[in-house]
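Residue-level structure breakdown
Residues per chain, in single letters:
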Amino acid sequence: KIATAKFIHPSAKQCIVVSPGRAEGYLKYQEMAFDLYNNGYSVFIIDHRGQGLSGRMLADPHKGYIERFDHYAIDLKTFIDDDVSKYCEQAPLLLAHSMGSAIAIRLMQHHPKLIKAAVLSSPMIAINSGGIPKWLAKSVISMGNRSGALLGKESWYFIGHGPYQPHQFEDNDLSHSVVRYSIFAELYKNTPKLQLGGVTFQWLAQAMQAHRDIVADINKITTPLLILQASNDTIVSNKAQFEFCQQLKALNPEICSSDSPVVIEGAKHELFFEQDSYRTDALTRALDWFTKF
């Protein structure tokens, strides 16, 4: 079951599809839907498989899991083909965040003409490994994944991860906004179906594979992109974002806004859930980009 939401504007200038990040769902995106709708867009949001109100694939519903990362992109393509296209006379725009941006990139690599233009917020080109060498991270993840498979059990939580636990605002790496953080913390507390815990070895293995696939297929991207980066991001790799922009600009100067991301100085990972000084900047840049198309 894939949960989705749509807000159909009676005189929409265009359609925007929203691809949320890991552990997010459309219920978290109420303010964003409100803003986009009131700027004249019809808005469509998907809850990726295994999170939000969509179906979970393991007996433990709190495990962050995916069999193959491109399954996310297949779901998003199906949503656009079967639902979004009914309301849109032209190819939709796409707004994606974090893991949702990696999904969006894979979608655009597989289907270059499906999306007219996209904004990628804090894109998960690669995960922030915290300084652990790539070879070591790959080895640990591969070993944990194989061990779980050999024992015939569900993919294990990665080291240090476990079922959903609420985090205090003071400990969070996502936002400086007390109000917005409190709103979605209460939402998850009061809606247990939304709760998702840590990632599994399998999810991490697939996230690393997605990074390799994104780099290998970078020449297949033809969709105009704006990449927004949070300067204080500790969740995803800002270095990988810079490398992605440089490679894309060198291959196709017409589609990338710059050879580097647009940096929102001082912001944490969740640009659209940040305090107004950061969020307004990010949202304004996104809307200005979409207006060009």
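Because the structure is predicted, anything quoted here is derived from the model rather than measured.

Section: the overall build of the protein
Along its length, the protein carries eight helices and seven strands. Relative to the compact-globule value of 19 Å for 293 residues, the protein shows a C-alpha radius of gyration of 18 Å, a close match. Along the first, second and third principal axes, the C-alpha set of the protein runs to 55 × 45 × 40 Å. Within the protein, the proportion of its 293 residues that are buried is 53%. With 29 positive and 29 negative side-chain charges, the protein shows a spacing of 5 Å between the two charge centroids.

Here we look at the side chain of Asp233
Of note, Asp233 is situated in the loop between β6 (225–230) and α7 (238–251). Despite being buried, Asp233 has no salt bridge partner; Lys268 is the closest side chain of opposite charge, sitting 10 Å away. A distance of 2.8 Å separates the side chain of Asp233 from the side chain of His269, its partner in a polar contact. Beyond its immediate stretch of four places on either side in the chain, Asp233 contacts Ser122, Asn128, Asn238, Ala267 and His269.

Side note on the nonpolar core
Of all hydrophobic cores here, the largest spans 46 residues; its most connected members are Leu120, Trp203 and Phe244. If one sorts the elements of this core by residue count, helix α3 (residues 99–110) sits on top with seven residues. The residues contacting Phe244, other than those within four sequence positions of it, are Ile105, Ile125, Ile214, Ile218, Ile221, Leu225 and Ile227. Counting residues in each nonpolar core, the second largest holds 31 residues, with Leu95, Leu226, Ala267 and Leu287 among its members.

Details of the state of the cysteines
Here the structure, examined in full by the defined rule, presents one disulfide. Note on cysteine connectivity: Cys15 is disulfide-linked to Cys88, with sulfurs 2.1 Å apart. A torsion of -110° about the S-S bond marks the disulfide between Cys15 and Cys88 as left-handed. Here Cys15, found in strand β2 (residues 14–19), pairs with Cys88, found in the loop between α2 (70–82) and β4 (93–97); they are 73 residues apart in sequence, far enough to count as distant. We note that Cys256 lacks a disulfide partner, and the nearest cysteine sulfur, in Cys245, lies 4.5 Å from it. For Cys256, a relative accessible area of 5% puts it in the buried group.

Digging into helix α8 (residues 276–291)
Compared with the 22 Å implied by 1.5 Å per residue over 16 residues, the 21 Å span of α8 between its first and last C-alpha is a close match. Listed as buried for α8 are Tyr278, Arg279, Ala282, Leu283, Ala286, Leu287, Trp289 and Phe290. With its buried residues spanning 155° around the axis, α8 presents them on a single face. Those residues of α8 that are exposed and aimed more than 90 degrees away from the buried face are Ser277 and Thr291.

Focus on the pairing of β2
A large share of β2 lies buried, amounting to six of its six residues. Neither face of β2 is exposed, since Gln14, Ile16 and Val18 on one face and Cys15, Val17 and Ser19 on the opposite face are all buried. Handedness of the crossover is the feature at issue here: the chain leaves β2, passes through helix α1 (residues 30–38), returns alongside strand β3 (residues 41–46), and the resulting connection is right-handed.

Description of the pattern of salt bridges
By the definition in use, this model includes 15 salt bridges. A salt bridge links Glu24 to Lys28; the nearest nitrogen and oxygen atoms lie 2.8 Å apart. Exposure class is identical for Glu24 and Lys28. Each is buried. The partner of Glu31 in a salt bridge is Arg279, with the nearest N and O atoms 3.8 Å apart. Of this pair, Glu31 sits in helix α1 while Arg279 sits in helix α8, and the two are 248 residues apart along the sequence. With a relative accessible area of 5%, Arg279 lands in the buried category. A network of salt bridges, in which partner residues are shared, links Glu31, Asp35, Arg180, Asp276 and Arg279.

Examining the packing of aromatic side chains
Considering all chains together, one arrives at ten aromatic pairs under this definition. Over the face of the ring belonging to Phe273 we find Lys28, whose NZ or CZ atom lies 4.7 Å from the ring centre. Over the ring of Tyr157 we find Lys63, and its NZ or CZ is 5.6 Å from the ring centre.

Observations concerning the packing of α1 against α8
At a closest axis distance of 12 Å, the pairing of α1 and α8 adopts a crossing angle of 45°. For the element pair α1 / α8, the angle class is oblique. At the point where α1 passes α8, the crossing takes the right-handed sense. Facing α1, whose interface residues are Glu31, Met32, Asp35 and Leu36, α8 presents Arg279, Leu283 and Leu287. Tallied by class, residues from the contact of α1 with α8 come to four nonpolar, no polar and three charged.

Definitions and cut-offs
Residues numbered from 1 in each chain as written. Predicted model: local features only at pLDDT ≥ 70, side-chain atom pairs only at ≥ 80, totals over all residues. Heavy atoms only, no water. Helix = DSSP H or I, 4+ residues; strand = E, 2+ residues; numbered from the N terminus. Rg over C-alpha atoms; globule rule 2.2 N^0.38 Å. Buried < 20%, exposed > 50% of the residue type's maximum accessible area, 1.4 Å probe, protein only. Lys, Arg positive; Asp, Glu negative; His and termini not counted. Charge placed at Lys NZ, Arg CZ, Asp CG, Glu CD. Salt bridge = Lys/Arg side-chain N within 4 Å of Asp/Glu carboxyl O. Polar contact = N/O pair within 3.5 Å; in protein donor to acceptor, adjacent residues only side chain to side chain. Contact = heavy atoms within 4.5 Å. Core = buried A, V, L, I, M, F, W, Y, C linked by side-chain atoms within 4.5 Å. Disulfide = S-S within 2.5 Å. Expected span 1.5 Å × (residues − 1). Arc of directions from axis to C-beta. Right-handed = clockwise from strand over helix to strand, strands pointing away. Phe/Tyr/Trp six-rings, centres within 6.5 Å; stacked < 30°, edge-to-face > 60°. Lys NZ or Arg CZ within 6 Å of the ring centre and 35° of its normal. Axes fitted to C-alpha atoms, helices over the stretch in contact; angles between N-to-C directions. Parallel < 35°, antiparallel > 145°, perpendicular 65-115°, else oblique. Left-handed = near helix turned anticlockwise from the far one by under 90°. Nonpolar A, V, L, I, M, F, W, Y, C, P; charged D, E, K, R; others polar.

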